[in-house]
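Understanding the architecture of this molecule
Read off the chains here:
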Amino acid sequence: MKTIDRSSFKGRDFISLHDFSQEELNCFLEVAHELKAEQKAGHPHPILQGKTLGMIFTKSSTRTRVSFEVGIYQLGGQGLFLSGRDIQLGRGETIADTARVLSRMVDGIMIRTFSHQEVLDLAKYATIPIINGLTDLLHPCQVLADLMTIQEHKGRLAGLKLAYVGDGNNMAHSLMFGGAKMGLHVVIASPSGYKPDPAIVTLAQEDAKANGGFVEVIDDPSEAVKGADVLYTDVWASMGQEAEASERMKAFQGYQISSESLKLAQPSAIVLHCLPAHRGEEITDEVIEGAQSVVFDEAENRLHAQKAIMALVM
Ligand code: CP
Ligand code: NVA
C-alpha cells in the first residue's frame, strides 16, 4: 500500500468519499484509530490548539453536533455552533458571502444542510476546508465512522458483503462510495421509486471496479442480506421528508432488518444503523438491542473519525 504524507490533506474539503483514493481513506481511518487509542489511554492530543471550527446546522442533529464540538475541543480547538435560523444565512445572506466572511475568522467549516449544491458553493467561495456533516445527497462523516466500526469488529474491509436495506438516500449513497473505494461488496435493496440516484450508482460502480469492490442495486431485501457480513439500514423518511412519512411507510413494508434477516446473514454478521432509529419500522427493537448490534460503537466512532478529518484537513 502507498503511504500518504499526512500533511498533504491540509486545506482539503471533506465533501464526498468519492473525492478520496483508497489510500487516502485508509489514512483517515488510521488516524481515527490512533486518536481513539490515545483518547482511551488518557493522552491529550491538542494538535489543533487555537483553531476554530464553525458548525452550520440548518437541520437537527445529536451525534454530528456533539461529536464535532467535543472533537474539536479534544484537539485543543474551539467549536462554534451556528444555527441556520440565527445567522444571516437564514435571512437570505448568500452562501458565497457567508463563505468569504467565515473564511476570515475561523479555520474550518462543518455544514449540515439540505442542498448538496449549497455545500459545493460554500467550498467554492471559502478559502478554508469545508466538511460535509450531511446533505440530502451524502453523509460521508457517518460512513467513515461506519468503516472504522467494521474494521474494529471484522478486522478488515475488503471482501466483506455489506447489505443495505431501505431508502436509496444519503446513507445509501455514501455507503456505496465508501464501500466501493474500500473493496467491499455493497448491495442496496430498495423498493421501486426509492432507489439510489443512478448517477451515484454509476460512479460507485466505476470506483468499485478500480478498487476490487462490487456495487449492486436490487429489489429483494432477503436476497440482499443473504450471506452478508454487515447489515445496514436507515429511516424510511429522512429529515425534510416528514410530509411523505405515511406514503413511505406503505412503500417500505418488508424493507426491515429483523431476526429473519439475521438468519439469512452470516452467523457472525454485525448490524449498523446511523441513528436515529425508528424501532418497528426499518429495524426491529429485538435486532437493534440484540447481541449483533454495534450501533453505539458506531455512534461513538463519529467522534474519533471526525477528529481524524479535522486533524488532517485543518
Ligand atoms: N447519524 C447522525 O448523523 O446523527 P445526527 O442526526 O444525530 O447528527
Ligand atoms: N437519512 C437520514 C440520516 C440521518 C443521520 C436523514 O437524512 O435524515
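Residues numbered from 1 in each chain as written. Chains lettered and ligands numbered in written order. Predicted model: local features only at pLDDT ≥ 70, side-chain atom pairs only at ≥ 80, totals over all residues. Heavy atoms only, no water.

Structural notes on the overall build of the protein chain
On a plain count of helices and strands, the protein chain comes out with 12 helices and nine strands. Relative to the compact-globule value of 20 Å for 314 residues, the protein chain shows a C-alpha radius of gyration of 19 Å, a close match. C-alpha atoms of the protein chain, sized along the principal axes, occupy 55 × 45 × 35 Å. Residues counted as buried form 55% of the 314 residues belonging to the protein chain. (Helix = DSSP H or I, 4+ residues; strand = E, 2+ residues; numbered from the N terminus. Rg over C-alpha atoms; globule rule 2.2 N^0.38 Å. Buried < 20%, exposed > 50% of the residue type's maximum accessible area, 1.4 Å probe, protein only.)

Let's talk about the pattern of salt bridges
Using the criterion set out here, one finds 17 salt bridges in the structure. Between Lys 36 and Glu 300 there is a salt bridge whose closest N-O contact spans 4.0 Å. A residue pair is termed long-range when its members are at least 10 positions apart, and Lys 36 in helix 1 (residues 22-40) and Glu 300 in helix 12 (residues 295-313) qualify at 264 residues. Across the pair Lys 40 and Glu 300 runs a salt bridge whose closest N-O atoms are separated by 2.8 Å. One end of the pair, Lys 40, is in helix 1; the other, Glu 300, is in helix 12, with 260 residues separating them in the sequence. (Salt bridge = Lys/Arg side-chain N within 4 Å of Asp/Glu carboxyl O.)

Some remarks on the site of ligand 1
Neighbouring residues of ligand 1: Ser 61, Thr 62, Arg 63, Thr 64, Arg 112, His 139, Gln 142, Cys 274, Leu 275 and Arg 302. In the environment of ligand 1, an oxygen atom lies 2.8 Å from a nitrogen or oxygen atom belonging to the side chain of Arg 63. Within the contact set of ligand 1, a nitrogen atom lies 2.9 Å away from a backbone nitrogen or oxygen of Leu 275. With the chains in place, 95% of the 260 Å² that ligand 1 exposes on its own is no longer accessible. Taken together, the residues of the shell around ligand 1 sort by class into two nonpolar, five polar and three charged. (Near = heavy atom within 4 Å. Polar contact = N/O pair within 3.5 Å; in protein donor to acceptor, adjacent residues only side chain to side chain. Areas by Shrake-Rupley, 256 points an atom, 1.4 Å probe, with all protein chains shown as cover. Nonpolar A, V, L, I, M, F, W, Y, C, P; charged D, E, K, R; others polar.)

Points about the environment of Ala 208
By the element assignment, Ala 208 lies in helix 7 (residues 198-211). Classification of Ala 208 as buried rests on a relative accessible area of 2%. With 79 residues separating them in the primary sequence, Ala 208 and Val 287 have C-alpha atoms 30 Å apart. In this structure, Ala 208 is in contact with Ala 180, Gly 213, Phe 214 and Val 215, ignoring residues within four places of it in sequence. (Contact = heavy atoms within 4.5 Å.)

Description of the sheet that holds strand 7 (residues 214-218)
The five strands are arranged 7-6-5-8-9 in an open sheet whose pairing can be described as parallel. Two strands lie at the open edges of the sheet, namely strand 7 and strand 9 (270-273), each paired on one side alone. Strand-to-strand twist of the sheet, defined as the mean angle between neighbouring strand axes without regard to direction, takes the value 20 degrees. Strand direction decides the pairing type here: strand 8 (residues 230-233) and strand 9, joined by four bridges, are parallel. Its bridge partner lying in strand 9, Tyr 232 is registered against Leu 272. Where helix 6 (residues 170-181) meets the sheet, it contacts strand 5 (161-165), strand 6 (185-189), strand 7 and strand 8, and its direction lies at approximately 160 degrees from that of strand 6. (Pairing = 2+ DSSP bridges. Axes fitted to C-alpha atoms, helices over the stretch in contact; angles between N-to-C directions.)

Here's the deal with the sheet that holds strand 1 (residues 52-57)
Within the open sheet, the four strands sit side by side as 2-1-3-4. Their pairing is parallel. Two strands close off the open sheet at either side, each with one partner strand: strand 2 (78-83) and strand 4 (130-132). For this sheet, the mean inter-axis angle between neighbouring strands, taken without regard to orientation, is 20 degrees. Across three bridges, strand 3 (residues 108-112) lies against strand 4 in parallel orientation. The partner of Met 110 across the bridge, within strand 4, is Ile 131. Those strands touched by helix 2 (residues 63-74) are strand 1, strand 2, strand 3 and strand 4, and its axis lies near 170 degrees from that of strand 1.

Remarks on the packing of aromatic side chains
Per the stated rule, a full pass over the model turns up nine aromatic pairs. Taken together, the aromatic side chains of Phe 9, Phe 14, Phe 20 and Phe 28 make up a single cluster linked through ring pairs. Above the plane of the ring of Phe 114 lies Lys 59, whose end atom (NZ or CZ) is 4.7 Å from the centre. The ring of Phe 81 has Arg 65 sitting right over it, with the charged end atom 3.6 Å from the ring centre. (Phe/Tyr/Trp six-rings, centres within 6.5 Å; stacked < 30°, edge-to-face > 60°. Lys NZ or Arg CZ within 6 Å of the ring centre and 35° of its normal.)

Focus: the packing of helix 3 (residues 95-103) against helix 4 (residues 116-125)
The geometry of helix 3 relative to helix 4 is characterised by a closest axis approach of 8 Å and an angle of 45 degrees between their N-to-C directions. On the basis of the axis angle, helix 3 is oblique to helix 4. Pair helix 3 / helix 4 crosses with right-handed handedness. Seen from helix 3, the contacting residues are Ile 95, Ala 96, Ala 99 and Arg 100; seen from helix 4, they are Glu 118, Asp 121, Leu 122 and Tyr 125. (Parallel < 35°, antiparallel > 145°, perpendicular 65-115°, else oblique. Left-handed = near helix turned anticlockwise from the far one by under 90°.)

These values are about where atoms sit, not about what they do.
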